[in-house]
Amino acid sequence: GPAHLSRLAGKCFSFVESTYKYEFCPFHNVTQHEQTFRWNAYSGILGIWHEWEIDNNTFVGMWMREGDSCETKSRQTKVHLVCGKSNKLAFVSEPSTCVYSLTFETPLVCHPHSLLVYPTLTEALQRRWDEAEQLLYDELITDQGYKKTLKDIFEEAGLLKVTEEKEVEKQNKKISLEFETVEKCSK
């Protein structure tokens, strides 16, 4: 992701709403602590750093997934990055059961180019993106094909997690490449 955001690593920001204290530690996790004197006050993990949320070729947020279990699934949190005067957790909500939404304000995202994905990529991946742009412009790939290519590029860059099926597919490709020729196969 954006290198300049790495200076937030190792820091934590909290926000208190009614009886809960929320804590966001960028690139680490999100936790929730019930501020009460009850013997069984809730304290738990709402998500662990997982991947970027990318929209319109721009980093828009951070996904914290695989938090504490919640009925049949695990808790997860999307942290929205917005421009602000100082680094602070500004808002917390739970739009659906066990899925949380946090708004994190920081001056680090105020510059219009601060969250662009393209500059964070290696030269080789930028070249692949440029080629996809050209193919789309020349109408040699569909919009869907273009989006899939970008998703593959983002996964290869480590910005998005690769699904398990894809990982298996990649391993199978490696195996099949080993036996590409008769000579290699007969060894």
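Look above for the structure.
Positions within a chain are numbered from 1, following the residues in the order the chain's sequence is written. Owing to the predicted nature of the model, reporting of local features is limited to residues with pLDDT of at least 70; listing and counting of side-chain atom pairs is limited to 80 or more, with chain, interface and lining totals taken over all residues. Calculated side-chain values reflect all of the structure's heavy atoms, with hydrogen atoms and water omitted.

(A) Inspection of the nonpolar core at higher detail. Definition of nonpolar core: a set of buried residues of the types Ala, Val, Leu, Ile, Met, Phe, Trp, Tyr and Cys, connected through side-chain atoms within 4.5 Å. Note on classification: 1.4 Å probe, protein chains only; a residue is buried when its accessible area is under 20% of the maximum for its type, exposed when over 50%, partly exposed between these limits. Ranked by size, the top nonpolar core spans 34 residues in total, and within it Phe24 and Phe154 carry the most contacts. The helix count covers DSSP runs of H or I at least four residues long, the strand count covers runs of E at least two residues long, and both are numbered beginning at the N terminus. Considering each element in turn, this core owes the most residues, 4 residues, to helix H2 (residues 143-156).

(B) Up close: the packing of aromatic side chains. Any two of the Phe, Tyr and Trp rings considered here, Trp counted by its six-membered ring, make a pair once their centres fall within 6.5 Å; the pair's planes then place it as stacked at under 30 degrees, edge-to-face at over 60, or tilted in between. A full pass over the atoms with the stated rule returns 9 aromatic pairs. For the pair Phe13 and Phe104, a centre-to-centre distance of 4.9 Å together with 55 degrees between the ring planes defines the contact as tilted. In this pair, Phe13 sits in strand E1 (residues 13-17) while Phe104 sits in strand E10 (residues 99-106), placing the two residues 91 residues apart along the sequence. Pair check on accessibility: Phe13 and Phe104 agree, each one buried. Ring plane angle 65 degrees and centroid distance 5.2 Å describe the contact between Phe24 and Phe104, whose orientation is recorded as edge-to-face. In this pair, Phe24 sits in strand E2 (residues 20-25) while Phe104 sits in strand E10, placing the two residues 80 residues apart along the sequence. With a relative accessible area of 0%, Phe104 lands in the buried category. Counting every residue linked through ring pairs, the aromatic cluster contains Phe27, Trp49, Trp52 and Phe59. The ring of Trp63 is capped by Arg65, whose NZ or CZ atom sits 4.2 Å from the centre of that ring. In this analysis the charged atom, NZ for Lys or CZ for Arg, is taken to sit over a ring once it is within 6 Å of the ring centre and within 35 degrees of the ring normal.

(C) Region of the structure containing the environment of Thr149. As for its placement among the helices and strands, Thr149 is situated in helix H2. Take Thr149: its relative accessible area is 24%, and that puts it in the partly exposed class. Along the backbone, Thr149 and Glu133 are 16 residues apart, and their C-alpha atoms lie at a distance of 9.9 Å.

(D) Examining the environment of Met62 more closely. When you line up the elements, Met62 lands in strand E5 (residues 58-65). Exposure remark for Met62: the relative accessible area of 2% places this residue in the buried category. When the C-alpha atoms of Met62 and His50 are compared, they prove to be 7.6 Å apart, with 12 residues separating the residues in sequence. Ignoring sequence-local partners within four residues, the contact set of Met62 consists of Phe24, Pro26, Phe27, Trp49, Glu51, Trp52, Thr77, Lys78, Val79 and Leu81. Contacts are assigned to residue pairs with any non-hydrogen atoms lying within 4.5 Å of each other.

(E) Looking closely at the pattern of salt bridges. Within this document, salt bridges are pairs made up of a side-chain nitrogen of Lys or Arg and a carboxyl oxygen of Asp or Glu, the two lying within 4 Å of each other. One pass over the full model with this rule turns up 8 salt bridges. Taking the shortest distance from any N to any O, the salt bridge between Glu51 and Arg65 comes out at 3.2 Å. Of this pair, Glu51 sits in strand E4 (residues 43-55) while Arg65 sits in strand E5; the two residues are 14 residues apart in sequence, bridging distant segments of the chain. Since its relative accessible area comes to 12%, Glu51 is described here as buried.

(F) Up close: the sheet that holds strand E9 (residues 88-96). Think of it this way: DSSP has to see at least two bridges between two strands before they count as a pair. Reading across from one edge, E1-E2-E3-E4-E5-E8-E10-E9 is the order of the 8 strands in this open sheet, with mixed pairing throughout. The sheet terminates laterally at E1 and E9, the two strands that pair on one side only. Mean inter-strand twist for the sheet, computed between neighbouring axes without regard to direction, equals 25 degrees. Looking at chain direction, E9 and E10 are connected through 6 bridges and run antiparallel. In the sheet register, Val92 faces E10, and the bridge partner there is Leu102. A fitted line through C-alpha atoms serves as each axis, taken over the contacting stretch for helices, and the angle formed by two N-to-C directions is quoted from 0 to 180°.

(G) Structural view of the pairing of E1. Sheet topology places E1 next to E2; 5 bridges connect them, and they run antiparallel. Note that in E2 the partner of Glu17 across the bridge is Tyr20. In this antiparallel pair of consecutive strands, E1 and E2, the connection spans 2 residues, and Ser18 shows a positive phi of 45 degrees.

(H) Local environment of the environment of Glu156. Looking at where Glu156 falls in the secondary structure, it is placed in helix H2. Accessibility expressed as a relative area gives 55% for Glu156, which makes it exposed. Discounting chain neighbours no more than four positions away, the residues touching Glu156 are Leu125 and Arg128.

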